[in-house]
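In case you want the letters, here they are:
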Amino acid sequence: MIPGADSAITRDGKALILAYDHGLEHGPVDFEPVPATTDPSTVFDVSTHDAVTAVAVQKGVAEAYYPSYEDDVSLLAKLNGTSNLWMGEPDSAVNWSVDYAAELGADAIGFTLYGGSNHEVEMAEEFREAQEAAREHDMGVVMWSYPRGQGLKDDTSADTIAYASRLGLELGADIAKVKYPGSADAMNWAVQSAGDTKVVMSGGSKTSDEAFLSTVREAMDAGASGLAVGRNVFQREHPEAILDGLEAVIFDDATVDEALATNARLEASD
C-alpha cells in the first residue's frame, strides 16, 4: 500500500463505498425489493449523496452511466467478478483492464481475492498485475478480501478475517474490504493485522436500520476505516435516510441513537 493513494475515494481517511456490482455477482434478484434500482441511474443518483466517497461498478455500467455523473461521483472500477450461475470452486473473471478503467476516468480499482480457493494462486497473480498497473495511473487499490473455498470451514471466524485483512497489506491494497467477524474484538484484530492498509466492513444482506448502524458503529469503534455497502443502502425505499445515518456514524462519530434520529428526521420529511 502507498499512503495517500486512496485519497480520491476517502474523506478524512475514511471511506463509504457504494457497491453496485450486484447485477453481475448476484443477478437481478437483488433489485427486486426496490425495482427502480434495476436502472443504474437510480443508484448513481443515490451515490451523489455527500456521504458516498466512491461508487463501485463493473465495466458495462461504468461505460454507459458514469459519464453523466463524473463531476459528482468518484469511480471505483470493479475489475473482476463472476455471475452467481457459476457453480465451481470460487473464482472471479477479470472483465476489464486498468488502462481502460483509467480511460473511463476511474479513481481507483477494486479486485476480489478468494483466499483459500483452489484458484487463489492465479487470482493473486492477476491482482499483482492490476495493482502494479494501478500505480502507474496513480489510482487507489481496494481488495475485496473474501476467504472462500472447499477447504475453508469458517469464512467469518476472527482468525480467518484477520488473515483476509492481512492479505490486503501483504499484496499491496490500500483498502481491504472484509466481512464483519461478529464482534468488536475480532474486528480490532483484523484492523491490527492489516497494518497501514485501511480495513472497511462489507455491508452484507439488508438488516434493520438499528441493527445495521449498530454493527457499523462497532466496526468503527474497533478501528475500521469505513464501509463498502450495497444492499443495505439501495434495497431501502429511502436510501438517503440510511446514508445520513451512516455519514453521522462514520464521519461524525455519532452514536447509533444520534444516527437513528437523523435517519428518522429525513424519512419523516419525505
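Here, every reference points to the structure presented above.
Remember, predicted model here, so these are calculated numbers, not experimental data. Counting from 1, residues in each chain are numbered in the order their sequence is written. Thresholds applied to this predicted model are a pLDDT of at least 70 for local features of residues and 80 or more for the giving and counting of side-chain atom pairs; totals over whole chains, interfaces and linings are not thresholded and use all residues. To get the side-chain values, all heavy atoms of the structure are used, and hydrogens and water are removed first.

Caption draft 1: View of the overall build of the protein. A run of DSSP states H or I qualifies as a helix once it reaches four residues; a run of E qualifies as a strand once it reaches two. Both are numbered from the N-terminal end. Scanning the protein from N- to C-terminus turns up eleven helices and ten strands. Two things to know: the radius of gyration comes from C-alpha atoms, and the globule rule equals 2.2 Å times the number of residues to the power 0.38. Compactness check: the protein gives a C-alpha radius of gyration of 17 Å against a globular reference of 18 Å for 270 residues, within 12% of the reference. For the protein, the spread of C-alpha atoms along the three principal axes comes to 50 × 40 × 35 Å. Burial classes: relative accessible area under 20% of the type maximum marks a residue as buried, over 50% as exposed, and values in between as partly exposed (1.4 Å probe, protein chains only). Every one of the 270 residues in the protein was classed for burial, and the buried ones make up 53%. For this analysis, residues touch if any pair of their heavy atoms sits within 4.5 Å. Of the contacts made within the protein by residues no fewer than 6 positions apart, 72% connect residues no fewer than 24 positions apart. For the protein, the computed accessible surface area is about 11400 Å², with 47% contributed by carbon and sulfur atoms. For the purpose of charge, His is not counted, nor are the chain termini; Lys and Arg are scored as positive and Asp and Glu as negative. A charged residue contributes its charge at one atom only: NZ of Lys, CZ of Arg, CG of Asp or CD of Glu. For the protein, the separation between the mean place of its 17 positive charges and that of its 47 negative charges on side chains is 4 Å. Exposure was quantified through the Shrake-Rupley algorithm and a 1.4 Å probe, taking into account, for residues, occlusion by the shown protein chains and nothing else.

Caption draft 2: Spotlight on the packing of aromatic side chains. In this analysis, rings of Phe, Tyr and Trp, with Trp reduced to its six-membered ring, are considered paired at centre separations within 6.5 Å, and the interplanar angle assigns stacked below 30 degrees, edge-to-face beyond 60, and tilted for intermediate values. For the coordinates displayed, the defined rule picks out seven aromatic pairs. Aromatic pair W96 and Y100: ring centres 6.4 Å apart, planes at 75°, arrangement edge-to-face. Overall, W96 belongs to the buried group, its relative accessible area being 4%. Given a relative accessible area of 27%, Y100 falls into the partly exposed group. A centroid spacing of 5.8 Å and a plane angle of 70° characterise the contact between F111 and F127, whose relative ring orientation is edge-to-face. In this pair, F111 is assigned in strand β6 (residues 108-113) and F127 in helix α5 (residues 120-136), connecting sequence segments 16 residues apart. Taking the relative accessible area as the measure of exposure, F111 reaches 1% and is therefore buried. Since its relative accessible area comes to 1%, F127 is described here as buried. In textbook terms, an aromatic cluster arises when at least three aromatic residues are bridged by ring pairs, as seen for Y20, F31 and F234. We call a charge positioned above a ring when the Lys NZ or Arg CZ atom is no farther than 6 Å from the ring centre and deviates by at most 35 degrees from the ring normal. When the ring centre of F251 is taken as reference, the NZ or CZ atom of R11 above it lies at 4.0 Å.

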